[in-house]
Amino acid sequence: MALKMVKGSIDRMFDKNLQDLVRGIRNHKEDEAKYISTCIDEIKQELKQDNIAVKANAVCKLTYLQMLGYDVSWAAFNIIEVMSSSKFTYKRIGYLAASQCFHEGTDVIMLTTNQIRKDLSSPNQYDTGVALTGLSCFVTPDLARDLANDIMTLMSHTKPYIRKKAVLIMYKVFLKYPESLRPAFPRLKEKLEDPDPGVQSAAVNVICELARRNPKNYLSLAPLFFKLMTSSTNNWVLIKIIKLFGALTPLEPRLGKKLIEPLTNLIHSTSAMSLLYECVNTVIAVLISLSSGMPNHSASIQLCVQKLRILIEDSDQNLKYLGLLAMSKILKTHPKSVQSHKDLILQCLDDKDESIRLRALDLLYGMVSKKNLMEIVKKLMIHVDKAEGTTYRDELLTKIIDICSQSNYQYITNFEWYISILVELTRLEGTRHGHLIASQMLDVAIRVKAIRGFAVAQMAMLLDNAHLLAGNTQRNGICEVLYAAAWICGEFSEHLEDPLQTLEAMLRPKVTTLPGHIQAVYVQNAVKLFAAVLTRRETAGEKQAAQETTEMLIEKLPQFVQSADLEVQERASCILQLVKYIQKLQAKEVSVAEEVTALFAGELNPVAPKAQKKVPVPEGLDLDAWINEPPSESESEDEKPKAIFQEDEPKHSRPRLTELDEQELARRREARKQEQANNPFYIKSSPSPQKSYQDTPGVDHIPVVQIDLTVPLKVPGMPISDQYLKLEEERRLKQKQEKKDKKKKKKKEKHGKSRRHDSAHTESEEDIAPAQRVDIVTEEMPENALPSDEDDKDSNDPYKALDIDLDNLVSGGGAYRPLADSEKLPVRTHRPSRTEGLKSPDVDTTAEEQRPKKSKEKDKKKDKERKKSKEEKKKKKRKKSAPTEELEEEEQQHQGEQAEDKISTEDTSEAKEAKTNDVPAAVPTEASDLDFWLATAPVPSKPQQQPLEAVPLSEPESPKESEKDQEESSSKHKKKKHKKEKEEKKSKKKRHRSENVESEAAVHNGTAEEEEEEPLPPMSNYCLLAENSYIKMVYDIQGNLQDGSQVVVSVIFENNCTDFLKSMEFNVLDSLNTRLVRPSGASVHDGIAVPFQLPPGVSNEARFVFTVQSIVMPQKLKGTLTFIVKTEDGSTHEKLDFKLHFTCTSYLITTPCYSDAFAKLLESEELKVNALKLDSINMPFHHLLAKICFHHHFSVVERIDSCASMYSRSIQGHHVCLLVKSGDNSVSIDAKCNEPSLLSHVLEEIKQTFTTAS
Amino acid sequence: MIKAILVFNNHGKPRLIRFYQYFPEDMQQQIIRETFHLVSKRDDNVCNFLEGGSLIGGSDYKLIYRHYATLYFVFCVDSSESELGILDLIQVFVETLDKCFENVCELDLIFHMDKVHYILQEVVMGGMVLETNMNEIVGQVENQSRLEKSEGGLSGAPARAVSAVKNMNLPEIPRNINIGDINIKVPNLSPFV
């Protein structure tokens, strides 16, 4: 029976291939998920089989399931198995699956390196092709690094099929491994002229992709591309090149001039719409880049606009869309030429296609003027009402606001109209842009003073009807406007007709359903309104009514006090107490209105969002400079040095404005006005009648005039913006009439001269006077604001790494910078270990040179010889060109660099490089090449060769020069490299406190001088904690900077045995004074799990925090480490006892101190004195200091000859001062500290250090 | 760069998905759903470009699609690609499918997803356009099918696999012979030999 079952399942298993699976899924529509899960079980069975065909079939099915959304990453290893099959059929299945589901996080991906390498070099081109295709989808930085060289070789494969794939994949390799760009670039450039069009196209593709991100590095390729453009007939290639030129022209206007003609020719000649469109696009880019320099391209603009109009009018929606898209680019620089097609664009607004409507909307932005703004917005409002999809409606909403608010509300002539529009927009349900409307309301109300009265009335109405807006608060973004409404009503309550009514509206129970931040604003502004109400009542003498209001407030406020939102709760309870106090005062018949109003006195000015950033750095202030000596690396950088010599004085908080009496307030206000008057950046609110508004809208002195009350303020219900349109028209008509009248009068005076112009009079922009004289207060900026408006570039841009200078790489460049050995692509050798790389700077270069070559490994020999010959050639050259000492030095460095690098290179690029090195003459610099090419006005037939003809003139000079350049650049490069190495070192330091590195840091931290002294011996603070045959522990204790009662114990665990150690647990017996900080919930007897396991030979560091109470005495704590040793036979529990020694030194923190502060400190009497004498010390003085600094956490304050003062501070703030004097063979240390016990122990420990050391 | 190529039918069922940037599976499905939602509500006579796919890329990215009978072919591309060029490319891809499958229909894509992938791999590689010449594409695809055929293909695999498994299980079979069950088993297995 069992066999029957097995057989049955085997039958099914093997019957089911991809087609069966698909069929099965289609037949199980009802229980698809269940069916698939059984299929996955079967697949798991199949994957367990040894037969590769079965596995491949299973993987193929998995690929299908992956498409349906099933995670198949669990089969990653099986996929690799299938990939490594020798048969193409299976291999292809494996690579397909891998390309669908592998990614950088797939851990088994590193297993594929060798398999892929094997496939890349397979004699079968399709094996190679499949591997390349697969790799292009899942290449990781590691794979890119390891395979870059193999792929580069494939770029010169005999089969174009492989070549084009290899060229394309290089882009992915560059992205993941930017270092490969420089070595690979020459070959990539070669491929631009490959005989196979496919390969050529691929190369163009890759370079365009690269150039798009960092165009300036590819400018020198322009002549080559130009040649391709004029010779190629492949539209794909043409489009790419033309797009590339579009990216290059902004960098080089001369290029644009050169391009215009051929592009225009193409526009006229091509029949391919795609090509035509790209040409137009690039011409536009050229025109934009030229717009500042040459205005004389109106013909080209006309041509573009004409062509675009044809596209827009085309019945093909795609062309229409693209036409609008390109039009918007012209709009930015040549708005006039687009504006003439306004009719067409407005027509597109009615298009049934949303994409097209959106594009038309974009264009609208640039088409508005004072004259047509209201009209256009009205049209948009109709669209808003009609729009069904929320996305389009939201887009409309933002566009309306964008259009109206652009360039500081430049086109708005009637702000009442705008407020009404905003209020109308609040009727939109379910929009996401409530906050946008709200911020506009706030902005307008704050900055346009004249409109406040109207705005407040409208906002009060909104608050009154809040229930309509806040209907379904949770998903309705529109309730954000209530935030603005409440704030405006509160802040400008003096404009309210009936503040009490608004106050009541704001305290309705329904309000508590609003989001917390809105409620908070409600509460705050309720008080402002309350103040307004009180003022009115008291001035009217209605004390009773005032008290009633207070009572109402006391009654309503508790509903906010109960709010779940902390902000609301806090404000409400605070205000409730205030109001209760007011009630008490009122009961005593005290008039309180004035005082309550004073709470909110003073005006808020709008501040520009970037104001803070723009504050100029005062002269002489270097923000990058250290204010104090940089702290030693054991301290975190953000620690602010506390005041050492005097206790922090309690800071007096700045007196609040409200505490000032009225007189003082007035005085300050006056002073501020004075200041503002003298500040050219502040827009005065005081009327100055000299200038009129319409000339300089919102820029300078603008008179504030009362609102023209021809517009009825009281609108029943919600306001209707449409009526403004009519009113506006009437008003304008009236204005025109008036003007005409005036003119007529003038004319009459002039006896009717030139009457015919009268009828032709058209209304121009300037003729429209705004309805209200408005003062648009500009946002405040700091004095001398920096004009630069740097865009914050995305620092995470993956393409940044590819910003590599390539010009001087190509042979013939004047500043030819050859590939350094380190830049060569790693080839198939085992990777050099890190330590090897780090050692390099110290390697004695001359020794390296002299060492006999025979001692080298055989396979490196050849390589070495090549290097040697290269060097010799160089030497010869140098002899010719009169070598200087400097050059000699250079060379030595160069050799050193070569010796440094132990990676052997088999690649031919080096040989080639040597060759190019050999013939540096006769080729002009790349830059001048480009210049030359650009300078020749007519299109040169063979741009490549012309520069060559120009050379002979300068030939005698050029070789030397280019060589020099080369020298310079290579030295530059060296410096760079050196830096890099330093950085590497640093990072390594962080990773692991390796001993000798640490010593270096210690010297730096204290000593200010940089004398050339003997190098310091390596030092380490880590001392042995315990050791047995399994594990070794070393530890170091550092004070915790953040917490004065804590120290951090860093323990390095090192696996001593050949077995795996796991489940390590660290535990100590706490003393009363010193306790291990355990996770909450753990008892004092619980240990702390070490957060890692240790494979054989590995070490890792864990940190444990201890709290200490008294630090004046050293301490010892007993502890145990328990762990499990996992051997082949099983696992055993082991333990290791240890004693943790908390020295007094470990409570000290390296703290820099200035000499004057130090002197003051010594003068103070609180410090106790102690002294120490060390005999028979024969180490250099600076070593001694470094040791004290390093081991005992001191810093050097001052050093004079053989005498130094040192300082340190304990975690609990004790000062420890040392005066170290060095005599013959002995050192005396005088010490002062405000804790004698601590001091004596520290001195004891210092003594210990030097006695054990010597 | 092309960021993703999606083929789904009028009901949003995926027929081919090819992401050139990693997204986890659930995200992929969400992108398909969102894209389908965006594309399916559009009339056939509106333009083939779409912005606003929020899940992939953002503002620099566009959806360019074509609708053939029951299938949508959607390419998600960034601004370095020519819009009309990609439309042409979709056409090239579909015509290639048509040549390789001889009158391609949705069923071909359903049952031969792997083959469609192999064809696509000759058109686009790693998000970049590899080849636009249809004859070249078809030639390479055919060469590879020929190579597969010469190896016996995957379709021949199950039969051979069973025989392999049978051989592998041989030592177990004799053990069962004694039970007497063999009369039923062996004839059943024999057709595969």
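Residues numbered from 1 in each chain as written. Chains lettered and ligands numbered in written order. Predicted model: local features only at pLDDT ≥ 70, side-chain atom pairs only at ≥ 80, totals over all residues. Heavy atoms only, no water.

**Comments concerning the sheet that holds strand β3 (residues 49-50) of chain B**
Residue and element names in this part refer to chain B.
Thought 1: Here five strands make up an open sheet; going across it, the order is β2-β1-β5-β4-β3 and the pairing antiparallel. The open sheet has two edge strands, β2 (14-19) and β3, and neither has a second partner.
Thought 2: One ladder, built from seven bridges, connects strand β1 (residues 2-9) with strand β5 (residues 71-77); its direction is antiparallel. Opposite I2, over in β5, you have V77 as the bridge partner. (Pairing = 2+ DSSP bridges. Helix = DSSP H or I, 4+ residues; strand = E, 2+ residues; numbered from the N terminus.)

**Remarks on the pairing of strand β14 (residues 1215-1222) of chain A**
All names here are of chain A.
Thought 1: The pairing of strand β13 (residues 1203-1210) with β14 spans seven bridges and is antiparallel. Bridge pairing in β14 places R1209 opposite H1215.
Thought 2: Where β13 folds back on β14, the antiparallel hairpin that results is connected by four residues, among which G1213 adopts a positive phi of roughly 90°.
Thought 3: The pairing of β14 with strand β15 (residues 1227-1233) spans seven bridges and is classified as antiparallel.

**What about the interface of chain B and chain A?**
Thought 1: Tallying the contact residues gives 75 residues for chain B and 79 residues for chain A.
Thought 2: Interface area, chain B with chain A, both sides summed: about 7000 Å², of which 58% is carbon and sulfur.
Thought 3: Taken as a group, B:F111, B:M125 and B:M128 account for 10% of the area that chain B buries against chain A, more than any other trio of residues on that side.
Thought 4: Our enumeration of links across chain B and chain A arrives at eight salt bridges.
Thought 5: With a shortest N-O distance of 2.8 Å, A:R212 and B:D78 are connected by a salt bridge.
Thought 6: Joining chain B to chain A, the criterion identifies 32 residue pairs in polar contact (both at pLDDT 80 or more).
Thought 7: Counting residues per element, the side of chain B that touches chain A draws most heavily on helix α6 (residues 157-169) of chain B, which supplies nine residues.
Thought 8: The class makeup of the residues in the side of chain B that touches chain A is 34 nonpolar, 20 polar and 21 charged. (Contact = heavy atoms within 4.5 Å. Buried area = accessible area lost by both parts, 1.4 Å probe. Salt bridge = Lys/Arg side-chain N within 4 Å of Asp/Glu carboxyl O. Polar contact = N/O pair within 3.5 Å; in protein donor to acceptor, adjacent residues only side chain to side chain. Nonpolar A, V, L, I, M, F, W, Y, C, P; charged D, E, K, R; others polar.)

**What about the packing of helix α3 (residues 32-48) of chain A against helix α4 (residues 52-67) of chain A?**
All names here are of chain A.
Thought 1: Remark: α3 packs on α4, axes separated minimally by 8 Å, with the N-to-C direction vectors making an angle of 150°. When the axis of α3 is compared with that of α4, the two are roughly antiparallel. Our pair here, α3 against α4, has a crossing hand that is left-handed. Each of I36, I40, I43, E46 and L47 in α3 lies in contact with α4, whose residues at this interface are V54, K55, N57, A58, V59, K61, L62 and L65.
Thought 2: Grouping the constituent residues of the contact of α3 with α4 by class yields nine nonpolar, one polar and three charged. (Axes fitted to C-alpha atoms, helices over the stretch in contact; angles between N-to-C directions. Parallel < 35°, antiparallel > 145°, perpendicular 65-115°, else oblique. Left-handed = near helix turned anticlockwise from the far one by under 90°.)

**Some details on the sheet that holds strand β6 (residues 1088-1089) of chain A**
All names here are of chain A.
Thought 1: The four strands lie next to each other as β6-β4-β8-β9, forming an open sheet whose pairing is antiparallel. The sheet terminates laterally at β6 and β9 (1131-1142), the two strands that pair on one side only.
Thought 2: Where strand β4 (residues 1060-1068) lies against strand β8 (residues 1115-1126), seven bridges are found, and the strand directions are antiparallel. Within β8, the residue paired with F1060 across the bridge is K1126.

**Things to note about the packing of aromatic side chains**
Thought 1: In total, this model carries 21 aromatic pairs over all chains according to the counting rule given.
Thought 2: Between A:W417 and A:Y418, the ring centres sit 6.4 Å apart and the planes meet at 35°, which makes this aromatic pair tilted.
Thought 3: Here A:W417 falls in the buried class, since its relative accessible area comes to 2%.
Thought 4: For A:Y418, a relative accessible area of 0% corresponds to the buried category.
Thought 5: Note on A:F1158 and A:Y1207: the rings are 6.4 Å apart at their centroids and 90° apart in plane angle, and the pair reads as edge-to-face. With A:F1158 in helix α47 (residues 1155-1163) and A:Y1207 in strand β13, this residue pair connects regions lying 49 residues apart in the sequence.
Thought 6: On the basis of relative accessibility, which here comes to 0%, the residue A:Y1207 falls in the buried class.
Thought 7: An aromatic cluster is defined as three or more aromatic residues linked by ring pairs; in this entry it consists of A:Y409, A:F415, A:W417 and A:Y418.
Thought 8: Against the face of B:Y20 rests B:R18, its NZ or CZ located 5.3 Å from the ring centre. (Phe/Tyr/Trp six-rings, centres within 6.5 Å; stacked < 30°, edge-to-face > 60°. Buried < 20%, exposed > 50% of the residue type's maximum accessible area, 1.4 Å probe, protein only. Lys NZ or Arg CZ within 6 Å of the ring centre and 35° of its normal.)

**Some points on the pattern of salt bridges**
Thought 1: Under the defined criterion, the tally for this structure stands at 39 salt bridges over all chains.
Thought 2: The salt bridge partner of B:E136 is A:K164, with a shortest N-O separation of 3.6 Å. Linking B:E136 in helix α5 (residues 134-150) with A:K164 in helix α10 (residues 160-176), this pair reaches from one chain into another.
Thought 3: The buried category is assigned to A:K164, whose relative accessible area is 3%.

**A closer look at the environment of A:L1162**
All names here are of chain A.
Thought 1: Summarising the element assignment, L1162 is placed in helix α47.
Thought 2: A relative accessible area of 30% places L1162 in the partly exposed class.
Thought 3: Put simply, L1162 and K1232 are 70 residues apart on the chain and 7.6 Å apart in space, counted from C-alpha to C-alpha.

**A short note on the environment of A:A326**
All names here are of chain A.
Thought 1: Tracing the backbone through its elements, the reader meets A326 in helix α18 (residues 317-333).
Thought 2: The class for A326 is buried, based on a relative accessible area of 0%.
Thought 3: In this structure the C-alpha to C-alpha distance between A326 and C304, which are 22 residues apart in sequence, comes to 9.2 Å.
Thought 4: Residues within four places of A326 in sequence aside, it is in contact with Y277, N281, I284 and L308.

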